[in-house]
Amino acid sequence: MASGPSLLESIPKLVAARDAAALVALQDHDDKQVRKAARKAIHTLRSKGVTIPEADAPRGWSAGDLNDLRGDLEAVAVVDTESTPGLCRVMISAPQDERSYLWVAAISGRDQIVDFATYVQTDGQRARMIRDWNRGAADRRVPADWARARIRWAREQTLSSGFAVPRQLDDMLVHLGEAPASRPTSFLDGVLPPVDFAPDKDNVIMVLANARVNVWPPVVDVEPMMRRVNEKHPELNEQSPEDARYDALLAGAHGDETLRADLKAQVANLLDDAAITLWLAGNDVEAAKVRVLSAEIRAAAEPEALPWIGRLLGFQIASTFAYLSRQQQQQVGQ
């Protein structure tokens, strides 16, 4: 770049040549004397009727479309099955004009809306939230269209069961789209790797633990099953052989149509959602194994008779006892 003195000497020549563009380029020069001389020269040319061009925009700035400055405007979604065991939280961040909506739906294993909230996000809040999601999900994304369909399907199931839905959900229907004709299948179909996994009562415990079945609240009614076990096997206790207790549990479950329906509906649904959480965390193989469990339950005519189902029912029995114990403690406290 030319030095200050040499530029100062060139300014009178630029005035004589009526080179307004060159003078405009010098009016913001680092050298104060050059700036002053260039601006004075521009004034001189303007007074002589010379058209003065606009200065170029500062580097790093753009006069582009506002949406270009807002960044990624694609709707993004995520699923969370860990913060509230037994529920699936479906979250969607959907950009709108000059802002974004964040929808958070809590869906039960019965495909019913338990809670729904709408929040308004600035672009900065949305960007920070997506960074947090990506940090835990290795940039994996839940398809936003699938998430919308899942919420709409749950709304229809809630209403058809005779329950009301939050008003905020009805207010957002115009953005959530039409309700699907059937329950949205898991988007993990064709995504997860094939696994060589044949579940049995011995190898399924860790898979159930990875799906966090051990922290689910009571989602099936195990009390009728337990009454049958106690009536037919009053001699069984904690000191009885594990195999004997396990076989008695399966026998007590067999033929229980209410239990069967719960397994095929909400238990299979919750397992499918747990597989999404594992996939988001990068645990593809474990996610695939959990999907094997849900697929077996859905395909079985009598899922309560599956040889490994007693392990899952064992977790539900423990959860039911814990729930009843808390109720008793609350009653005593009152």
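Residues numbered from 1 in each chain as written. Predicted model: local features only at pLDDT ≥ 70, side-chain atom pairs only at ≥ 80, totals over all residues. Heavy atoms only, no water.

A. Molecular detail of unusual backbone geometry. Of note, Arg-18 is a non-glycine position whose phi angle comes to about 55°, a positive value. Within the fold, Arg-18 resides in the loop between helix H1 (4-16) and helix H2 (20-26). The exposure class assigned to Arg-18 is partly exposed, which follows from its relative accessible area of 49%. Its identity as a non-glycine residue notwithstanding, Asp-111 has a phi of 60°, on the positive side. With respect to the element layout, Asp-111 can be found in the loop between strand S3 (99-108) and strand S4 (113-121). The class for Asp-111 is buried, based on a relative accessible area of 5%. (Helix = DSSP H or I, 4+ residues; strand = E, 2+ residues; numbered from the N terminus. Buried < 20%, exposed > 50% of the residue type's maximum accessible area, 1.4 Å probe, protein only.)

B. Examining the pairing of S4 more closely. Two elements, S3 and S4, share eight bridges in a ladder whose sense is antiparallel. Of the residues in S4, the one forming a bridge with Val-104 is Ala-117. Counted between consecutive antiparallel strands, the loop separating S3 from S4 contains four residues, among which Asp-111 sits at a positive phi close to 60°. (Pairing = 2+ DSSP bridges.)

C. The arrangement of the side chain of Gln-121 in detail. Relative to the helices and strands, Gln-121 is located in strand S4. Judged by its relative accessible area of 6%, Gln-121 is buried. Among the polar contacts made by the side chain of Gln-121, one reaches the side chain of Ser-93 at a distance of 2.8 Å. Excluding residues within four positions of it along the chain, Gln-121 makes contact with Ser-93, Arg-99, Ser-100, Tyr-101, Leu-102, Arg-126 and Met-129. (Polar contact = N/O pair within 3.5 Å; in protein donor to acceptor, adjacent residues only side chain to side chain. Contact = heavy atoms within 4.5 Å.)

D. Quick peek at the confidence of the model for the protein chain. When the pLDDT values of the protein chain are averaged, the result is 88; 92% of them are 70 or greater. Across residues 57-69, confidence stays below pLDDT 50; counting only partners more than four residues off in sequence or on other chains, it has one contact. (pLDDT = per-residue confidence, 0-100.)

E. Geometry of the packing of aromatic side chains. Scanning the entire structure with this criterion turns up three aromatic pairs. Seen from their ring centres, Tyr-101 and Trp-103 are 6.0 Å apart, and the 25° between their planes marks the pair as stacked. Accessibility assignment for this pair places Tyr-101 and Trp-103 in one class, buried. Over the ring of Tyr-246 we find Lys-201, and its NZ or CZ is 5.0 Å from the ring centre. (Phe/Tyr/Trp six-rings, centres within 6.5 Å; stacked < 30°, edge-to-face > 60°. Lys NZ or Arg CZ within 6 Å of the ring centre and 35° of its normal.)

F. Just the nonpolar core, in detail. Formed by 73 residues in total, the largest nonpolar core has its most connected members in Ile-151, Met-225, Val-267, Leu-271 and Ile-297. In terms of residue count, the dominant contributor to this core is helix H12 (residues 257-280) (12 residues). When residues no more than four places from it in sequence are discounted, the contact partners of Ile-151 are Val-90, Ile-92, Ala-105, Ile-107, Ile-113, Phe-116, Leu-169 and Leu-176. In terms of nonpolar packing, the next biggest core, distinct from the first, is built from 15 residues, Ile-11, Leu-23, Ala-38 and Ile-52 among them. (Core = buried A, V, L, I, M, F, W, Y, C linked by side-chain atoms within 4.5 Å.)

G. Spotlight on the packing of H12 against helix H13 (residues 284-299). In contact at an axis separation of 8 Å, H12 and H13 are set at 165° when each is read in the N-to-C sense. The orientation of H12 relative to H13 falls into the category roughly antiparallel. Our pair here, H12 against H13, has a crossing hand that is left-handed. Residue-level contacts link Leu-263, Lys-264, Val-267, Ala-268, Asn-269, Leu-271, Asp-272, Ala-275, Leu-278 and Trp-279 of H12 to Asp-284, Glu-286, Ala-287, Val-290, Arg-291, Leu-293, Ser-294, Ile-297, Arg-298 and Ala-299 of H13. Within the contact of H12 with H13, the residues separate by chemical class into 12 nonpolar, two polar and six charged. (Axes fitted to C-alpha atoms, helices over the stretch in contact; angles between N-to-C directions. Parallel < 35°, antiparallel > 145°, perpendicular 65-115°, else oblique. Left-handed = near helix turned anticlockwise from the far one by under 90°. Nonpolar A, V, L, I, M, F, W, Y, C, P; charged D, E, K, R; others polar.)

H. Summary view of the layout of surface pockets. Considered as a void within the structure, the largest pocket measures approximately 550 Å³ in volume. Lining the largest pocket are 19 residues, and of these Met-226, Arg-245, Tyr-246, Leu-249 and Ile-317 sit closest to its centre. Within the residue set of the lining of the largest pocket, elements represented by two or more residues are helix H10 (223-232), helix H11 (242-253) and helix H14 (309-333). Counting residues per element, the lining of the largest pocket draws most heavily on H14, which supplies six residues. Residue composition of the lining of the largest pocket, grouped by class: 10 nonpolar, five polar and four charged. (1 Å grid on protein atoms, 1.4 Å probe; cavity = no way out; pocket = protein on both sides within 12 Å on 5 of 7 lines; lining within 4 Å. Points joined across faces, edges and corners; volume = space filled by probe spheres on them.)

I. A look at the packing of H10 against H11. Where H10 contacts H11, the two axes come as close as 8 Å, and the packing angle between them is 120°. Considering the angle they form, H10 stands oblique to H11. In the packing of H10 onto H11, the handedness of the crossing is right-handed. Residues Met-225, Met-226, Arg-228 and Val-229 of H10 form the contact with H11, whose participating residues are Ala-248, Leu-249, Gly-252 and Ala-253. Residue composition of the contact of H10 with H11, grouped by class: six nonpolar, one polar and one charged.

J. Region of interest: H10. Three or more residues of H10 are buried, namely Met-225, Met-226 and Val-229. When H10 is viewed along its axis, its buried side chains cluster within an angular range of 95° and face the same direction. (Arc of directions from axis to C-beta.)

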